[in-house]
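Architecture and fold: a report
These are the residues of each chain, in order.
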Amino acid sequence: VWDVTFPVHPEPLTSLEDDSGLLITLARESAPEESLGQLISAIFTGRSHSSAKTPFLSHLLHERVRGAMERIRGEGEVRIQAAITAVLTSHLTGLIGAGYGLTPSGDDFCCGVILGIARMHNPSVAKSLAIALSLEAGGRTTTLSLAFFRSLAESRVSETQYILLKHVGHSRAVDMRRILLETASHGSTSGWDMLAGFAFGVELFRQRCMAGNLDYQQGCVC
């Protein structure tokens, strides 16, 4: 039983830009070609990157995830929390169960999106999305992955996820490189797949704050 929940840190996200840059660098250096970690650079920079070394089936999965992200970004004007959750659920549900492993890559990505939104001072949106996706996941994915979704629906996170949430944006006094690499090392590609979703959740809500002329460092519920 996971006994820690989304940490609440209302202080400004003063190191978010540096931490995002480090994640981009590490993904370029270390993310397996078949993992969704290959999308992290494009998520933050907007510059698409496609490697000829990426296996064909992995390439198809990457394109499926890219499509979901583009559709979500295309509905960026939605402001009401219930509507935000509905938009995210609608486009992320298609990723549940997509990929291989005990926790398919699409599931890991979805879980990462939830965590990224929580990191951007939006725990209520994160929890409502986690609840919605856990309901959608029944019958779509593995037993283990469904357990992860249900834990997030209760705002419960693993120790590794807790450390990631606690320190991203507040990493001045910690070894963020070590924290990110330890997170990425989970499973075969699960860690990188989750970090790709985390990057998308962070960047999506950072852009929403900036579009609303709000200071994302201070946190904005948008």
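Just so we're clear, the structure is a prediction, and the values are computed from it rather than from any experiment.

About the criteria used
- Per chain, residue numbering runs from 1 following the sequence as it is written.
- In keeping with the predicted nature of the model, local features appear solely for residues at pLDDT of at least 70, side-chain atom pairs appear and are counted solely at 80 or more, and the whole-chain, interface and lining totals rest on all residues.
- Side-chain measures were taken over the full set of non-hydrogen atoms in the model, leaving aside hydrogen atoms and water.
- Strands are runs of DSSP state E lasting at least 2 residues, helices are runs of H or I lasting at least 4, and numbering of each runs from the N terminus.
- Only protein chains enter the accessibility calculation, which uses a 1.4 Å probe; a residue whose area is less than 20% of its type maximum is buried, one above 50% is exposed, and one in between is partly exposed.
- Contact criterion: two residues are considered in contact whenever any of their non-hydrogen atoms come within 4.5 Å of each other.
- Salt bridges are defined by distance alone: a side-chain nitrogen of Lys or Arg within 4 Å of a carboxyl oxygen of Asp or Glu.
- Expected helix span is computed as 1.5 Å times (number of residues minus one).
- What goes into a patch is any residue over 30% in relative accessible area without a salt bridge, connected to like charges within 9 Å or, for nonpolar side chains (Val, Leu, Ile, Met, Phe, Trp, Tyr), within 5 Å.
- All accessible-area figures derive from a Shrake-Rupley calculation using a 1.4 Å probe, and residue coverage is judged against the displayed protein chains alone.
- Axes here mean lines fitted to C-alpha atoms, for a helix over just the part in contact, with angles spanning 0 to 180 degrees between N-to-C directions.
- Should an angle fall under 35 degrees it is taken as roughly parallel, and over 145 as roughly antiparallel, whereas 65 to 115 is taken as roughly perpendicular and any remaining angle as oblique.
- By the convention adopted, Pro, Cys, Tyr, Trp, Phe, Met, Ile, Leu, Val and Ala count as nonpolar, Lys, Arg, Asp and Glu as charged, and the other residues, Gly among them, as polar.
- The definition used for a disulfide is geometric: two cysteine sulfur atoms within 2.5 Å.
- Under this definition, polar contacts are N or O atom pairs within 3.5 Å; protein pairs additionally need one hydrogen-donor-capable and one acceptor-capable atom, and for neighbouring residues in sequence, both atoms have to be side-chain atoms.

This part covers the overall build of the protein chain. In terms of helices and strands, the protein chain carries ten helices and two strands. By residue count, 54% of the 222 residues in the protein chain fall in the buried class. Taking the contacts inside the protein chain whose residues are at least 6 apart along the sequence as the reference set, 72% of them involve residues at least 24 apart.

Positive phi, normally seen in glycine, also occurs at His121, with a value near 65°. Position of His121 among the secondary structure elements: in the loop between helix H5 (105-119) and helix H6 (123-137). Residue class for His121 comes out buried when judged on its relative accessible area of 15%. One non-glycine residue, Ser155, lies in positive phi territory at about 65°. One can find Ser155 in the loop between helix H7 (143-153) and strand E2 (156-157).

Turning next to the pattern of salt bridges. Using the criterion set out here, one finds eight salt bridges in the structure. The salt bridge partner of Glu182 is Arg178, with a shortest N-O separation of 3.3 Å. Placement of the pair is Glu182 and Arg178 together in helix H9 (residues 176-184), with a separation of four residues, close to one helical turn. For Arg206, the salt bridge identified is with Glu203, shortest N-O distance 2.8 Å. Separated by three residues within a single helix, Arg206 and Glu203 lie in helix H10 (residues 190-211), roughly one turn from each other. What emerges from the salt-bridge pattern is a single network uniting Glu17, Glu203 and Arg206.

Attention now goes to H5. Under the 1.5 Å per step criterion, the end-to-end length of H5 is 21 Å for 15 residues, consistent within 8% with the ideal 21 Å. Where burial is concerned, most of H5 is hidden: 15 out of the 15 residues are buried. Positive backbone phi, approximately 65°, marks His121, located one or two places after H5.

Another aspect to go through is a nonpolar patch on the surface. Together, Phe56, Leu57, Leu60 and Tyr100 make up an exposed nonpolar region whose accessible area comes to about 500 Å². Inspection of the secondary structure puts Tyr100 in the loop between helix H4 (81-92) and H5.

Turning our eyes to something else, we now look at the packing of H5 against H7. The interhelical angle for the contact between H5 and H7, taken along N-to-C directions, is 10°, at an axis separation of 10 Å. When the axes of H5 and H7 are compared, the pair comes out roughly parallel. Residues Asp107, Cys110, Cys111, Ile114 and Leu115 of H5 touch H7, and the partners they reach there are Ser145, Phe149 and Leu152. Its residues assigned to classes, the contact of H5 with H7 comprises six nonpolar, one polar and one charged.

Okay, the environment of Val113 next. Looking at where Val113 falls in the secondary structure, it is placed in helix H5. Considered as a pair, Val113 and Leu195 are 82 residues apart in the sequence and their alpha carbons are 8.5 Å apart. What Val113 contacts, discounting residues up to four positions off in sequence, is Leu92, Leu129, Gly197, Phe198, Phe200 and Gly201.

The subject of this paragraph is the state of the cysteines. Inspection of every chain in the model, using the stated rule, returns zero disulfides. The thiol sulfur of Cys110 is not disulfide-bonded, and the nearest other cysteine sulfur, from Cys111, lies at 7.0 Å.

Judged by relative accessible area, Glu203 falls into the buried class, the value being 8%. With 159 residues separating them along the chain, Glu203 and Phe44 place their C-alpha atoms 6.5 Å apart. Among residues more than four places away in sequence, those in contact with Glu203 are Ile43 and Phe44. Within the structure, Glu203 has its side chain in polar contact with the side chain of Arg206 (distance 2.8 Å).

So far we have only geometry, and geometry alone does not tell us how the molecule works.
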